[in-house]
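# Structural description and commentary
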Amino acid sequence: MQEFKVIKETPELVIELSGEIDSGNADELYENFINHYNTPSNVVFECGKVEFIDSTTLGTFVKILKHVRSEGFTLKIAGLIPRLKKLFVICSLDSIMEIE
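Residues numbered from 1 in each chain as written. Predicted model: local features only at pLDDT ≥ 70, side-chain atom pairs only at ≥ 80, totals over all residues. Heavy atoms only, no water.

## Some thoughts on the overall build of the chain
Counting secondary structure elements, the chain contains 3 helices and 5 strands. Seen in sequence order, the chain has helices and strands lined up from the N terminus as β-β-α-β-α-β-α-β. Taking 100 residues into account, the globule formula puts the C-alpha radius of gyration at 13 Å, and the chain, at 12 Å, falls close to it. Across its three principal directions, the C-alpha atoms of the chain cover 30 × 30 × 20 Å. Expressed as a percentage of the 100 residues in the chain, the buried residues total 42%. Considering only contacts within the chain whose residues lie at least 6 apart along the sequence, 67% involve residues at least 24 apart. As presented, the chain carries roughly 5,400 Å² of accessible surface, and 48% of it is formed by carbon and sulfur atoms. Placing the 10 positive and 16 negative side-chain charges of the chain at their respective mean positions leaves the two points 6 Å apart. (Helix = DSSP H or I, 4+ residues; strand = E, 2+ residues; numbered from the N terminus. Rg over C-alpha atoms; globule rule 2.2 N^0.38 Å. Buried < 20%, exposed > 50% of the residue type's maximum accessible area, 1.4 Å probe, protein only. Contact = heavy atoms within 4.5 Å. Areas by Shrake-Rupley, 256 points an atom, 1.4 Å probe, with all protein chains shown as cover. Lys, Arg positive; Asp, Glu negative; His and termini not counted. Charge placed at Lys NZ, Arg CZ, Asp CG, Glu CD.)

## A few points about the packing of aromatic side chains
Applying the stated rule across the entire model yields 4 aromatic pairs. Geometrically, the ring pair formed by Phe45 and Phe61 is edge-to-face, given 5.3 Å between the ring centres and 75° between the ring planes. Here the residue Phe45 occupies a position in strand E3 (residues 43-53), and Phe61 occupies one in helix H2 (residues 55-70), the gap between them amounting to 16 residues. On the basis of relative accessibility, which here comes to 1%, the residue Phe61 falls in the buried class. Just above the ring of Tyr30 sits the side chain of Lys63; from NZ or CZ to the centre is 4.1 Å. (Phe/Tyr/Trp six-rings, centres within 6.5 Å; stacked < 30°, edge-to-face > 60°. Lys NZ or Arg CZ within 6 Å of the ring centre and 35° of its normal.)

## Describing the side chain of Lys76
By the element assignment, Lys76 lies in strand E4 (residues 75-78). One polar contact links Lys76 to Glu100, side chain to side chain, over a distance of 3.4 Å. Those residues in contact with Lys76, other than ones at most four positions away along the chain, are Val43, Val44, Phe45, Glu98 and Glu100. (Polar contact = N/O pair within 3.5 Å; in protein donor to acceptor, adjacent residues only side chain to side chain.)

## Points about the pairing of strand E2 (residues 13-21)
The element E2 is largely enclosed, with a buried count of 8 among its 9 residues. As paired strands, strand E1 (residues 3-8) and E2 are joined by 5 bridges and run antiparallel to one another. Across the sheet, the residue bridging to Val6 is Ile15, located in E2. From the end of E1 to the start of E2, which pair antiparallel, there are 4 residues. Regarding the hand of the β-α-β motif, the stretch spanning E2, helix H1 (residues 26-36) and E3 is right-handed. (Pairing = 2+ DSSP bridges. Right-handed = clockwise from strand over helix to strand, strands pointing away.)

Written as structure tokens, this is what we have:
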């Protein structure tokens, strides 16, 4: 992952991601999220600058979703380039989280 940047913390946590997220750095994504999720809220990942994700990354987003939902909040993935959005749809993740 090239960058994990908190854009806004209230009323929802908005995080901008960029670069490539794969099995080599998906744990780092989760750790960064946990370190910044201080106040339970809805979460938005702005992914317009993400160039690549793999199945490990999809699993990490599901793990984050479970954490956020356990607090009663939602997760949204926004700005995906078409081929990455298609990956979320093919894996039916659009049925459990909002893909914008």
